Amino acid sequence: MKKKVLITGAAGFLGSHLCDKFISEGFFVIGMDNLITGDLKNIEHLFKNPAFEFYNHDVTKFVHIPGKLDYILHFASPASPIDYLKIPIQTLKVGALGTHNLLGLAKEKGARILIASTSEVYGDPLVHPQTEEYLGNVNTIGPRGVYDEAKRFQESITMAYHRFHGVETRIARIFNTYGPRMRLNDGRVIPTFMGQALRGEDLTVFGDGSQTRSFCYVEDEIEGFYKLLMSDYSLPVNIGNPHEITILEFAKEIIKLTGTNQKIVFKPLPTDDPLQRQPDITKAKEILKWEPKTSREVGMKKTFDYFKNLSPEDLSKSEHKSFTKHIRR
Ligand code: UDP
């Protein structure tokens, strides 16, 4: 009898990779998604697999799963600044109401649940690199507040279900992750730069490009989630790659990788854009015996190969302009 796992956000970037991982580990996977930001293309290769089932459902509504359930991974959420602006209420609801429903399901089924939290709980951090003990610097009413605060509430309600109801919970604080199946038009820096290079457009660096990020390849990140779920540690754990780079340096790397002849153009920095971000992964190393293995060079090449093979129709879609119009100060 296979162990059964529910993965929410299954048609999204991380969710679809999680479905692949759990199927390859011998689980029966129920994928759930309401397809607001997810894309069935990411999981269509799984539809013929007898170990996979898909529910088109919005987790902010009551979630019913017949029979036993061993694990839940809650990865349903809009996850890019462009999405928070376009669907702010859904962003709040899926982190808050959706998490409540899934914790209730975990309690009912006696299932262990892993919650996808985020480095955004640290906001624009005043401590660097960010340890799990850092309490954060979040603007509750800014454009990113709908995501950041939903995720902070998500952590609180998860710990409450753990402490009050004894539910087995795990909390992954996810830092910037990249790889195949990222949405080309989601406004995030990697698909944006790669899309621009492929369409022959200039690369748009926001601000002076001195803000930093630390990018983790998806395969490493998924391995971190798996190890966390299987561990017995219920406090939050940072899962990310500590190799930090400025966005300007990163744009130069992308120009080199893609061979584009385009140049870098500077645009205003969006509101509340964190100036620096780097995970302290001491806990993940010690508790999970996990650390990322893929270099940026290798990971970015694999990611660019994915974007290169998209259809010209997919490539021509760009919501970037409308996004930048909304986020100016
Ligand atoms: N960024 C940029 N140009 C773009 C898109 C993003 O310079 O066309 C910057 C953005 O301002 C931020 C960084 O890249 O400092 C990462 O942005 P992303 O939206 O990918 O993720 P997040 O801000 O949530 O880390």
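Before any of the text, the structure's been laid out above.
The rules behind each value
- Residues numbered from 1 in each chain as written.
- Predicted model: local features only at pLDDT ≥ 70, side-chain atom pairs only at ≥ 80, totals over all residues.
- Heavy atoms only, no water.
- Core = buried A, V, L, I, M, F, W, Y, C linked by side-chain atoms within 4.5 Å.
- Buried < 20%, exposed > 50% of the residue type's maximum accessible area, 1.4 Å probe, protein only.
- Contact = heavy atoms within 4.5 Å.
- Near = heavy atom within 4 Å.
- Polar contact = N/O pair within 3.5 Å; in protein donor to acceptor, adjacent residues only side chain to side chain.
- Areas by Shrake-Rupley, 256 points an atom, 1.4 Å probe, with all protein chains shown as cover.
- Nonpolar A, V, L, I, M, F, W, Y, C, P; charged D, E, K, R; others polar.
- Pairing = 2+ DSSP bridges.
- Helix = DSSP H or I, 4+ residues; strand = E, 2+ residues; numbered from the N terminus.
- Axes fitted to C-alpha atoms, helices over the stretch in contact; angles between N-to-C directions.
- Expected span 1.5 Å × (residues − 1).
- Bend = angle between axes of the 7 residues up to and from the residue.
- Right-handed = clockwise from strand over helix to strand, strands pointing away.
- Salt bridge = Lys/Arg side-chain N within 4 Å of Asp/Glu carboxyl O.
- Phe/Tyr/Trp six-rings, centres within 6.5 Å; stacked < 30°, edge-to-face > 60°.
- Lys NZ or Arg CZ within 6 Å of the ring centre and 35° of its normal.

Caption draft 1: Representation of the nonpolar core. Counting 56 residues, the largest nonpolar core has Phe22, Val29, Leu73, Phe75 and Phe225 as its most contacted members. Those residues in contact with Phe22, other than ones at most four positions away along the chain, are Val5, Ile7, Phe27, Val29, Leu73, Tyr226, Leu229 and Met230. Grouped together as the second largest cluster of nonpolar side chains are 22 residues, Leu6, Ile30, Met32 and Leu103 included.

Caption draft 2: Region of the structure containing the site of the ligand. Taken together, 19 residues surround the ligand, and among them Thr204, Phe206, Arg213, Asp273 and Arg277 come closest. A distance of 2.9 Å is found between an oxygen atom of the ligand and a side-chain nitrogen or oxygen belonging to Arg188. When the free accessible area of the ligand is taken as 520 Å², the share hidden by the protein chains comes to 98%. Among the residues forming the shell around the ligand, the class breakdown is 7 nonpolar, 6 polar and 6 charged.

Caption draft 3: Fine view of the sheet that holds strand β3 (residues 52–56). Spatially, the 7 strands line up as an open sheet ordered β3-β2-β1-β4-β5-β6-β11, and their pairing is parallel. A strand with exactly one partner marks an edge of an open sheet, and here the two such strands are β3 and β11 (237–239). Neighbouring strand axes in the sheet, compared pairwise and without regard to direction, differ in orientation by 20 degrees on average. Pairing analysis gives 3 bridges linking strand β6 (residues 169–174) to β11, with the strands arranged parallel. Looking at β11, one finds that Ala172 is bridged to Val237. Helix α4 (residues 145–165) rests against β4 (71–74), β5 (112–118) and β6 of the sheet, and its axis sits at about 155 degrees to β5.

Caption draft 4: Spatial organisation of helix α3 (residues 88–109). In this model, α3 (22 residues) spans 31 Å end to end at C-alpha, consistent with the 32 Å of a helix rising 1.5 Å per residue. At Val94, α3 shows its strongest bend, of approximately 35 degrees. Within α3, the full set of buried residues consists of Thr91, Val94, Gly95, Ala96, Gly98, Thr99, Leu102, Leu103, Leu105 and Ala106. The inward-facing, buried residues of α3 contact β1 (4–8), β4, α2 (81–86), β5, α4 and β6. Once α3 finishes, Gly110 follows within two positions and takes phi at roughly 70 degrees, a positive value.

Caption draft 5: Local environment of the pairing of β5. Among the 7 residues of β5, 7 are classified as buried, and the element is accordingly described as predominantly covered. Residues Arg112, Leu114, Ala116 and Thr118 of β5 are buried on one face, and the alternating residues Ile113, Ile115 and Ser117, pointing to the opposite face, are buried as well. In terms of strand pairing, β4 meets β5 through 4 bridges, oriented parallel. The partner of His74 across the bridge, within β5, is Ile115. In this view, the connection linking β5 to its parallel neighbour β6 by way of α4 has right-handed handedness.

Caption draft 6: Representation of the pattern of salt bridges in the model. Within the structure shown, the criterion is met by 21 salt bridges. One salt bridge in this structure joins Asp305 and Lys301, with 3.3 Å as the shortest N-O distance. Of the two residues, Asp305 and Lys301 are both situated in helix α9 (residues 296–308); the distance of 4 residues between them amounts to about one turn of the helix. For Asp305, the salt bridge goes to Lys308, with nearest N and O atoms at 3.4 Å.

Caption draft 7: Looking closely at unusual backbone geometry. Backbone torsion omega between His128 and Pro129 reads -10 degrees, so that peptide bond is classified as cis. Inspection of the secondary structure assignment puts Pro129 in the loop between β5 and α4. Positive phi values are uncommon outside glycine, yet Leu35 reaches one of about 65 degrees. By relative accessible area, Leu35 is classed as partly exposed at 26%.

Caption draft 8: Here's a closer look at the environment of Gly259. With respect to the secondary-structure elements, Gly259 resides in the loop between α7 (247–258) and β13 (264–267). For the pair Gly259 and Ala197, spaced 62 residues apart in sequence, the C-alpha to C-alpha distance is 8.1 Å.

Caption draft 9: Spatial organisation of the packing of aromatic side chains. Tallied over the full model, the rule gives 14 aromatic pairs. Between Tyr306 and Phe307, the aromatic rings sit 5.3 Å apart at their centres with planes inclined by 70 degrees, giving edge-to-face as the arrangement. Taking relative accessible area as the criterion, Tyr306 reaches 24% and is therefore assigned partly exposed. An aromatic cluster of at least three residues, connected via ring pairs, comprises Phe22, Phe27, Tyr71 and Tyr226. In this arrangement the basic side chain of Lys21 is found over the ring face of Tyr226, its NZ or CZ atom lying 4.7 Å from the centre.

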